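Okay, here's what each chain looks like letter by letter:
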Amino acid sequence: MRRVLTAVLGAGALLLAMLVAVAPPASAAPGTLKEAAAAKGRVFGAAAAQGHMGESAYASTLDREFNQLTPENEMKWDTTEPSRNSFNYGAADQLVSHAQAQGMKIRGHTLVWHSQLPGWVGGISSRDELLSVMRNHISNEAGHFAGKIAYWDVVNEAFQDGSGARRDSVFQRVIGDGYIEEAFRAARAADPTAKLCYNDYNIDGQNAKSNAVYTMVQDFKRRGVPIDCVGLQAHLILGNVPSDMQANMQRLANLGVDVHITELDIRMNTPADGSKLATQANDYRKVVSACLAVSRCTVMTVWGITDKYSWVPDTFPGEGAALLFDDNYNKKPAYTAALEALGGGDPGDPGDPGDPGAVTCAYTRTAQWSNGFNGQVTVTAGSSAVGSWTAVMTMGSGQQITALWNGTPSTNGSVVTVKPVSWNARLAAGASASFGFTVNAPGGNATAPSVTCGSP
Ligand code: XIL
């Protein structure tokens, strides 16, 4: 009896030793966006609306994942100064207190913008009067929050798409080109500690509009107009992350300003499906990686927490599903891709309702020669069976797939979307399928494709 007990204890000890030997290291990869970003010296934020803060999943997801908060509408002129010289900061103050209690940075958004501007401002036609109204608005609002704001979007969307000319607005018409620098000077005077940003959309890649912003920032830096950062809104469309986004951020950074991704979302035609979600994951990975590759790209902020409350379906009918959490606060493949691109990893706790867990994928190189290689991707189902899967690969520059087996590819530029063939679509829980391919790489075979997967 004792011998049996000893043997059992001995076996138990051996088992324990084996478990210890294979247990993951105590310092696992960061498991949330904010922790992973912090480990890279970055900030990861979200826009939030006071009206939703009472919904517990909304507030808890915000608090768990993000360390910067941008009030989605509460600091805009129509809310803060709806009639002349009558200021209202109630909802914004509530968001600011919440952010402070959570140790989140606050992005002020926005002091001067043609939109969500009360009618009384649009009616002013004297230059002196509008200049003093604008300065008064800035000094009152930036003064009210002074010391609490990490970054201000001082001026929003002042340039036109396409031409890069100044957008027609009451400020442009009545004050002229100088209104932007006057706004920055007033903001610096009202809150000397906030970093002051110019913010716009469609300036994510290099184009006439981002060229115009570049020229303005260069001019401001030369003449000592106070500007610290440029915000790229990054309201992007599925499969259309500009390939020169990193280069565009780098050229702005080289002017001596920080670069922030301020309103990131990647919209698709709804309803979403596994293939679109995998493409979206790949897109988010590209944006996060581009930012990490630029040392002055210090902040990444998504424009909302959940698809449920995203501005996209209201503004672009038929489109949506643009954010990192779905309508039920489940983590989407895009979440996992963004987290992994930040160097984090989903701990995948059993029972975590937010785990996408449907499929994961891994790439290996199986052969190589001077101007090419063979690769293999293995797609593995999580704890439930899947009826089908999609893998999205981004190839290195100049690399082309010349053959692919056990999968059905479709190519769009450097992005290859692979669907199963009939017999390897369905995967039992934990089961895997692999496809292989040959790559012609005349420019060099060093770069491995990056892969994200989804189901179906
Ligand atoms: C949007 C908000 O998300 C909506 O709730 C509101 O109805 C309209 O404005 N660029 C910006 C943001 O700078 O302020 C906009 O926010 C989205 C586009």
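Here's a quick rundown of the structure.

### Description of the overall build of the protein chain
- Looking only at helices and strands, the protein chain features 14 helices and 18 strands.
- Computed over the C-alpha atoms, the radius of gyration of the protein chain is 25 Å, within 12% of the 23 Å expected from 2.2 N^0.38 for a compact globule of 456 residues.
- Overall size of the protein chain, expressed as C-alpha extent along the three principal axes, is 90 × 60 × 40 Å.
- The proportion of buried residues among the 456 residues of the protein chain is 51%.
- Within the protein chain, contacts between residues at least 6 apart in sequence are counted, and of these 75% link residues at least 24 apart.
- When the accessible surface of the protein chain is totalled, it reaches about 18,800 Å², and 52% of it is carbon and sulfur.
- Distance from the positive charge centre (35 side chains) to the negative charge centre (40 side chains) of the protein chain: 7 Å.

### Quick word on the packing of aromatic side chains
- Under the criterion given, the structure shown has 14 aromatic pairs.
- Seen from their ring centres, tyrosine 58 and tyrosine 309 are 5.9 Å apart, and the 65° between their planes marks the pair as edge-to-face. Of this pair, tyrosine 58 sits in helix α3 (residues 56-65) while tyrosine 309 sits in the loop between β9 (297-302) and α13 (312-315), and the two are 251 residues apart along the sequence.
- Assessed through its relative accessible area of 2%, tyrosine 58 is described here as buried.

### Things to note about the sheet that holds strand β15 (residues 408-412)
- As summarised here, the arrangement of the four strands in space is β15-β16-β13-β18, forming an open sheet in which the pairing is antiparallel. Of all the strands in the sheet, just β15 and β18 (450-454) have a single pairing partner and so form its edges. Here the strands of the sheet are splayed against their neighbours by 20° on average, with no regard to which way each runs.
- Here five bridges tie β15 to strand β16 (residues 415-419), and the two strands are oriented antiparallel to one another. Bridged to proline 409 within β16 is valine 418.

### Details of the site of the ligand
- Taken together, 13 residues lie near the ligand, and Glu72, Lys76, His109, Glu263 and Trp303 sit nearest.
- Between the ligand and the protein, one listed contact pairs an oxygen atom with a side-chain N or O atom of lysine 76 at 2.7 Å.
- Look at the ligand: alone it shows 410 Å² of surface, and the protein chains cover 78% of it.
- Its residues assigned to classes, the shell around the ligand comprises three nonpolar, six polar and four charged.

Cut-offs used in this document
- Residues numbered from 1 in each chain as written.
- Predicted model: local features only at pLDDT ≥ 70, side-chain atom pairs only at ≥ 80, totals over all residues.
- Heavy atoms only, no water.
- Helix = DSSP H or I, 4+ residues; strand = E, 2+ residues; numbered from the N terminus.
- Rg over C-alpha atoms; globule rule 2.2 N^0.38 Å.
- Buried < 20%, exposed > 50% of the residue type's maximum accessible area, 1.4 Å probe, protein only.
- Contact = heavy atoms within 4.5 Å.
- Areas by Shrake-Rupley, 256 points an atom, 1.4 Å probe, with all protein chains shown as cover.
- Lys, Arg positive; Asp, Glu negative; His and termini not counted.
- Charge placed at Lys NZ, Arg CZ, Asp CG, Glu CD.
- Phe/Tyr/Trp six-rings, centres within 6.5 Å; stacked < 30°, edge-to-face > 60°.
- Pairing = 2+ DSSP bridges.
- Axes fitted to C-alpha atoms, helices over the stretch in contact; angles between N-to-C directions.
- Near = heavy atom within 4 Å.
- Polar contact = N/O pair within 3.5 Å; in protein donor to acceptor, adjacent residues only side chain to side chain.
- Nonpolar A, V, L, I, M, F, W, Y, C, P; charged D, E, K, R; others polar.

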